Amino acid sequence: MIRVTVWNEFVQEQMEGKEAILKVHPGGIHETLKGILAEDDQMQIRTATLEMPECGLSEQVLNDTDVLVWWGHVAHDRVPDEIAERVRQHVLRGMGLVALHSAHLSKPLTRVLGTSCTLKWREGDRSRVWTVDPTHPIAQGIPAYIDLPEEEMYGEFFDIPTPEDQVFISWFAGGEVFRSGCTWKRGYGKVFYFQPGHETNESYHNPHIRRVIQNAVRWAMPTIRMDVLDCPHIERALEADWK
């Protein structure tokens, strides 16, 4: 089983104007994402939100999490620094991180990547998500492109480290392009950022977008998980016979 924690700030769903969001995500965005991953019977999913003690991300929860899926938008600054640092340390020790949509500005992602992750944006545009690395595990079962009738425009320059894998690039009707599906490795952990998922749009109901998120969680599954990160002193393993 892949143990997944889906984190959502769960703020806009309770604010004025929430009706437009709840129409698309009746139980909140975290419940929609949980439903996407629940289609895979090899995933064990819990949800966590900002309002929970320790934001739902205690040491015990993170120790029991193989992949953390993060959605955030308007409350990045309300995540305590110590929680963001806790997430970063778990990524460095091997936990996978899948950051979605406006999580580009989340404290965990910016701390893991080490850049501002700023970009250009505009609400309400048509998008085509191009698969530019069809051999990548995250792109398996995904067509050459995915058309989204309405999605928030994210455009370059996107202040991120050069991706290790560029899996998707998006084009928008305004002419902008965006590196919308990127991977990195940090320490022992794997990180994937994926752009679609504006809160009032139907992107997470698109079967190909759902497949990308499922594939991303499988890809980010740890291959090794460290209990601690240290630099131990070791004795020489063997004496070489130098001539």
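Residues numbered from 1 in each chain as written. Predicted model: local features only at pLDDT ≥ 70, side-chain atom pairs only at ≥ 80, totals over all residues. Heavy atoms only, no water.

Visitor: Summarise the overall build of the protein chain; cite the residues concerned and give the values.
Guide: From N to C terminus, the protein chain includes six helices and nine strands. Against the 2.2 N^0.38 benchmark of 18 Å for 243 residues, the protein chain shows a C-alpha radius of gyration of 19 Å, consistent with a compact globule. When the backbone C-alpha atoms are referred to their principal axes, the protein chain occupies close to 70 × 40 × 35 Å. Classification of the 243 residues of the protein chain by burial places 53% in the buried group. On the protein chain, roughly 11400 Å² of surface is accessible, and the fraction owed to carbon and sulfur atoms is 52%. (Helix = DSSP H or I, 4+ residues; strand = E, 2+ residues; numbered from the N terminus. Rg over C-alpha atoms; globule rule 2.2 N^0.38 Å. Buried < 20%, exposed > 50% of the residue type's maximum accessible area, 1.4 Å probe, protein only. Areas by Shrake-Rupley, 256 points an atom, 1.4 Å probe, with all protein chains shown as cover.)

Visitor: Please give an account of unusual backbone geometry that cites residues and values.
Guide: Between Glu 156 and the following residue, Phe 157, the backbone shows a cis peptide bond with an omega angle of 15°. Along the chain, the position of Phe 157 falls in the loop between β6 (145–155) and β7 (165–172). The phi angle at Glu 54 is positive, at roughly 55°, despite the residue not being glycine. Within the fold, Glu 54 resides in the loop between β2 (43–49) and α3 (59–63). By relative accessible area, which is 42% here, Glu 54 ends up partly exposed. Residues other than glycine seldom take positive phi values, yet His 101 does so here, at roughly 50°. In this structure, His 101 sits in the loop between β4 (96–100) and α5 (107–113). By relative accessible area, His 101 is classed as buried at 0%.

Visitor: If you had to explain helix α2 (residues 29–38) to someone new, which residues and values would you point to?
Guide: Taken as a whole, α2 has its buried residues at Ile 29, His 30, Thr 32, Leu 33, Ile 36 and Leu 37. Within α2, the buried residues cover an arc of 160° as seen down the axis, which keeps them to one side. Here the buried face of α2 lies against β1 (2–8), α1 (18–24), β2, β3 (67–71), β4 and α6 (207–220). (Arc of directions from axis to C-beta. Contact = heavy atoms within 4.5 Å.)

Visitor: Break down the side chain of Ser 180 for me, citing the residues and quoting the values.
Guide: Looking at the element boundaries, Ser 180 is found in strand β8 (residues 177–186). At 2.8 Å, the side chain of Ser 180 and the side chain of Ser 170 are in polar contact. Excluding its chain neighbours within four sequence positions, the residues that come into contact with Ser 180 are Val 129, Gln 166, Phe 168, Ile 169, Ser 170, Tyr 193, Phe 194 and Gln 195. (Polar contact = N/O pair within 3.5 Å; in protein donor to acceptor, adjacent residues only side chain to side chain.)

Visitor: Give a description of the sheet that holds β6 that names residues and reports values.
Guide: In space, the nine strands of this open sheet follow the order β2-β1-β3-β4-β9-β8-β7-β5-β6, with mixed pairing throughout. The sheet is open, and its two borders are formed by β2 and β6, each paired with just one other strand. Neighbour-to-neighbour, the strand axes of the sheet open up by a mean angle of 25°, direction not taken into account. Where β4 lies against strand β9 (residues 189–194), four bridges are found, and the strand directions are parallel. Residue pairing in the sheet places Leu 100 in a bridge with Phe 194 of β9. Contacting β3, β4, β8 and β9, helix α4 (residues 81–92) runs over the sheet at an angle of about 120° to β9. Taken strand by strand, α6 contacts β1, β2, β3, β4, β6, β7, β8 and β9, and its axis lies near 165° from that of β9. (Pairing = 2+ DSSP bridges. Axes fitted to C-alpha atoms, helices over the stretch in contact; angles between N-to-C directions.)

Visitor: How would you sum up the environment of Phe 194? Please name residues and give values.
Guide: Residue position: Phe 194 is located in strand β9. The class for Phe 194 is buried, based on a relative accessible area of 0%. For Phe 194 and Arg 179, which are 15 residues apart along the polypeptide, the C-alpha to C-alpha distance reads 8.8 Å. Once residues within four sequence positions are removed from consideration, Phe 194 is found in contact with Ala 99, Leu 100, His 101, Val 129, Phe 168, Ser 180, Gly 181, Ile 209, Val 212 and Ile 213.

Visitor: Tell me what's going on with the state of the cysteines, and back it up with residues and numbers.
Guide: Enumeration over the complete set of coordinates arrives at zero disulfides. Not part of a disulfide, Cys 55 finds its nearest cysteine sulfur in Cys 117, a span of 19 Å. The exposure class assigned to Cys 55 is buried, which follows from its relative accessible area of 4%. Summary of cysteine pairing: Cys 117 is not part of a disulfide, and the nearest cysteine sulfur, belonging to Cys 182, is at 9.8 Å. (Disulfide = S-S within 2.5 Å.)

Visitor: Please set out the environment of Trp 219 residue by residue, giving values where relevant.
Guide: Within the secondary structure, Trp 219 is located in helix α6. When its relative accessible area of 12% is taken as the criterion, Trp 219 is described as buried. Residues Trp 219 and Gly 96 lie 123 residues apart in sequence; the distance between their C-alpha atoms is 8.5 Å. Once residues lying within four places of it in the same chain are set aside, the contact partners of Trp 219 are His 136, Pro 137, Ile 138, Thr 183, Trp 184, Lys 190, Val 191 and Phe 192.

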